[in-house]
Amino acid sequence: MSIKTKNWAAQINRMPGDAFFRTTGIVAVANPGITPTLVFCPIQDKSFDLRLELKLETSSEVALQVVTEKLVEYKVPGDSNVSGVSIFYKGKLVHHIDKVDVTN
């Protein structure tokens with residue numbers, strides 16, 4: 001199954017008192033009852049490239065079968081030195097972000 005995504009971005013916020021790292025994107029899902037999430041992969045390499053896994057969680061509620069675009073976000077507080085982000089879905093690379101915006 002292929003998955004459609006767009007508008008990926010990564011940001012390191014180094015503003016005093018509010019340091020965090022965030023990755024966001026938009027994922028097309030088959031219906032509004034599916035929620036995309038990004039989770040930290042337990043297997044990481046030794047570089048500053050972060051590996052995240054895209055998961056799709058289905059609710060038990062009834063939903064119309066209409067393709068819906070949903071925002072997905074991964075955010076962790078604290079200092080970060082991430083230089084790139086690789087997004088995987090079912091073990092396959094979906095997108096790689098090689099430009100991380102830094103806010104000082």
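Everything here concerns the structure above.
Keep in mind it's a predicted model, so treat the numbers as computed, not measured. (Residues numbered from 1 in each chain as written. Predicted model: local features only at pLDDT ≥ 70, side-chain atom pairs only at ≥ 80, totals over all residues. Heavy atoms only, no water.)

Asker: Got a sec to walk through the overall build of the protein? Specific residues and values, please.
Answerer: Of regular secondary structure, the protein possesses zero helices and eight strands. Counted over contacts in the protein with a minimum sequence separation of 6, partners at least 24 positions apart contribute 66%. In the form shown here, the protein has an accessible surface area of approximately 6,700 Å², with 55% of it arising from carbon and sulfur atoms. On the protein, the mean spot of the 12 positive side-chain charges and the mean spot of the 11 negative ones are 5 Å from each other. (Helix = DSSP H or I, 4+ residues; strand = E, 2+ residues; numbered from the N terminus. Contact = heavy atoms within 4.5 Å. Areas by Shrake-Rupley, 256 points an atom, 1.4 Å probe, with all protein chains shown as cover. Lys, Arg positive; Asp, Glu negative; His and termini not counted. Charge placed at Lys NZ, Arg CZ, Asp CG, Glu CD.)

Asker: Please set out the sheet that holds strand 5 (residues 68–77) residue by residue, giving values where relevant.
Answerer: Taken in spatial order, the four strands of this open sheet run 5-2-1-8, and their pairing is mixed. One side of each edge strand has no neighbouring strand; the edge strands of this open sheet are strand 5 and strand 8 (100–103). The mean angle between the axes of side-by-side strands here comes to 20 degrees, regardless of whether they run parallel or antiparallel. In terms of strand pairing, strand 1 (residues 5–13) meets strand 8 through four bridges, oriented parallel. Bridge pairing in strand 8 places N13 opposite T103. (Pairing = 2+ DSSP bridges. Axes fitted to C-alpha atoms, helices over the stretch in contact; angles between N-to-C directions.)

Asker: Now, about the environment of P16: what can you tell me, with residues and values included?
Answerer: Within the fold, P16 resides in the loop between strand 1 and strand 2 (20–29). Taking the C-alpha atoms as reference points, P16 and N104, 88 residues apart in sequence, are found 8.3 Å from one another.

Asker: I'd like a rundown of the pattern of salt bridges, residues and numbers included.
Answerer: Here the structure, examined in full by the defined rule, presents three salt bridges. In this structure, the salt-bridge partner of R22 is E73, at a minimum N-O distance of 3.7 Å. Highlighted residues: R22 in strand 2 and E73 in strand 5, separated in sequence by 51 residues. Overall, the relative accessible area of 24% leaves R22 in the partly exposed class. By relative accessible area, E73 is classed as partly exposed at 41%. Residue D101 is joined to K99 by a salt bridge in which the shortest nitrogen-to-oxygen separation is 2.5 Å. Residue class for K99 comes out exposed when judged on its relative accessible area of 57%. (Salt bridge = Lys/Arg side-chain N within 4 Å of Asp/Glu carboxyl O. Buried < 20%, exposed > 50% of the residue type's maximum accessible area, 1.4 Å probe, protein only.)

Asker: Give me the nonpolar core: which residues, what numbers.
Answerer: Ranked by internal contacts, the top residues of the largest apolar core, which has 20 residues, are F21, L38, L54 and V85. Of all elements in the fold, only strand 1, strand 2, strand 3 (34–40), strand 4 (49–58), strand 5 and strand 6 (84–89) reach the threshold of two or more residues within this core. Those residues in contact with L38 that lie beyond four places of it in its chain are W8, T23, L52, E53, L54, V72, E73, Y74 and I87. (Core = buried A, V, L, I, M, F, W, Y, C linked by side-chain atoms within 4.5 Å.)

Asker: Describe the sheet that holds strand 3, listing the residues and the values that go with them.
Answerer: What the four strands build is an open sheet, ordered 3-4-6-7; its pairing is mixed. Strands with a single pairing partner mark the edges of an open sheet, and in this sheet they are strand 3 and strand 7 (92–97). Across this sheet, the average inter-strand angle for adjacent strands is 30 degrees, counted without regard to direction. Of the strand pairs in this sheet, strand 6 and strand 7 are connected by five bridges, and their pairing is antiparallel. Pairing of Y89 across the sheet is with K92, part of strand 7.

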